[in-house]
Amino acid sequence: MEQRTLGKDLTVGAIGLGCMGMSEFYGTTDDAQSTATIERAVELGVTLFDTADMYGPFTNEVLVGTALRPFRDRVVVATKFGNERDPADPTKRAINGRPEYVRSACDASLRRLGVEVIDLYYQHRVDPTVPIEETVGAMAGLVEAGKVRHLGLSEAAAETIRRAHAVHPITAVQSEYSLWTRDLEQDVLPTLRELGIGLVAYSPLGRGFLTGAVSSPEDLEPGDVRRSAHQPRFAESNIAANRRLVSALEAIAAERGCTTGQLALAWVLAQGDDIVPIPGTKRRSYLEQNVAAGDVRPSADDLTRIRDAFPAGAVAGNRYSEQGMKAVNI
């Protein structure tokens, strides 16, 4: 697999693996199946594995850490803190960037992952009540203590990234980026490139929509978060318009001899070698399709046709509910 560098010196495979859906949010889960998928990812050259303490909640780190233990010296483990959940009521959420919480959350993640050091540690969401300098200062202390190697932010605004980077070098910013979520191209992506920070693109397949597999909410399992009000783009009122955009991609993909999802991933990869997408899946077959997207090389003409067929801002619906949107780009 092609290698890419995040920040100054964190080298990873060009396509990573998002592990969230292995434990929650996207229908039924199967730890044995997910473990086999993680093992297959390592075989295919995937080195960046993404989790967070809130996934599960608290169980995904255990799953990922256990599955990767035999390969620890070959992989980069990334996790996140800052989205607090109540085990008694997982629907309750709070954002916490207080320094004392940063330290305790890191220690808890180290225990669950079963590792001595976290390779890449993100603030999952920016806490608007705590100056970013205080949060990143505590994160920098984790680096000094040998508990963390590299620091990251998630869904942070350009000015927040600048302030954070002034405290301690930020290696990567993780934000949603795909053909149907491109708002960071305006301010965030230019800032990352100015500062030499990598972009880790989550949901590069539009939560599966860009594969062409979803035409109706009924295509999704009961309990899948995409069927809820938290995902407006999957609402009945928006899904038909968004499906028309994907149909245009399907035609181009057919000409290229690849799947629609592979073309969408190849588009993300083509936006710069400082971008590493982390498509999530719990199934080996989808993993193998995603990794093979690295072999799809869109021509300049392909990229122009994709841009014309799927212009920025054409998607119907916000990517999160109104409440969810308040937690991004802070």
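All of these numbers come straight from a predicted model, not from anything done at the bench.

### Points about the nonpolar core
Buried together is how nonpolar side chains tend to be arranged in soluble globular proteins.
At step 1: Core analysis: the largest hydrophobic core is formed by 76 residues, its most contacted members being L17, F49, L68, L153, Y177 and F310.
At step 2: A78, V200, Y202 and V276 belong to the second-largest nonpolar core, a separate cluster that totals 15 residues.

### Some words on unusual backbone geometry
At step 1: A cis geometry characterises the amide bond from G56 onward to P57, with omega recorded as -5 degrees.
At step 2: Looking at the secondary structure, you find P57 in the loop between β4 (48-50) and α2 (60-68).
At step 3: Notably, S203 is not glycine yet its phi reads approximately 50 degrees, a positive angle.
At step 4: Positionally, S203 belongs in the loop between β11 (198-202) and α7 (236-256).
At step 5: Of the residues examined, S203 reaches a relative accessible area of 15% and is grouped as buried.

### Remarks on the packing of helix α1 (residues 31-43) against helix α9 (residues 284-292)
At step 1: One can describe the packing of α1 onto α9 by two numbers: an axis separation of 9 Å at closest approach and a directional angle of 25 degrees. Considered as vectors, α1 and α9 are oriented roughly parallel to each other. The two elements α1 and α9 meet at a crossing, and its hand is right-handed. The segment α1 lies against α9, with A36, T37, R40 and A41 engaging R284, L287 and E288.
At step 2: In the contact of α1 with α9, the residues fall into three nonpolar, one polar and three charged.

Criteria and cut-off values
- Residues numbered from 1 in each chain as written.
- Predicted model: local features only at pLDDT ≥ 70, side-chain atom pairs only at ≥ 80, totals over all residues.
- Heavy atoms only, no water.
- Core = buried A, V, L, I, M, F, W, Y, C linked by side-chain atoms within 4.5 Å.
- Buried < 20%, exposed > 50% of the residue type's maximum accessible area, 1.4 Å probe, protein only.
- Helix = DSSP H or I, 4+ residues; strand = E, 2+ residues; numbered from the N terminus.
- Axes fitted to C-alpha atoms, helices over the stretch in contact; angles between N-to-C directions.
- Parallel < 35°, antiparallel > 145°, perpendicular 65-115°, else oblique.
- Left-handed = near helix turned anticlockwise from the far one by under 90°.
- Contact = heavy atoms within 4.5 Å.
- Nonpolar A, V, L, I, M, F, W, Y, C, P; charged D, E, K, R; others polar.

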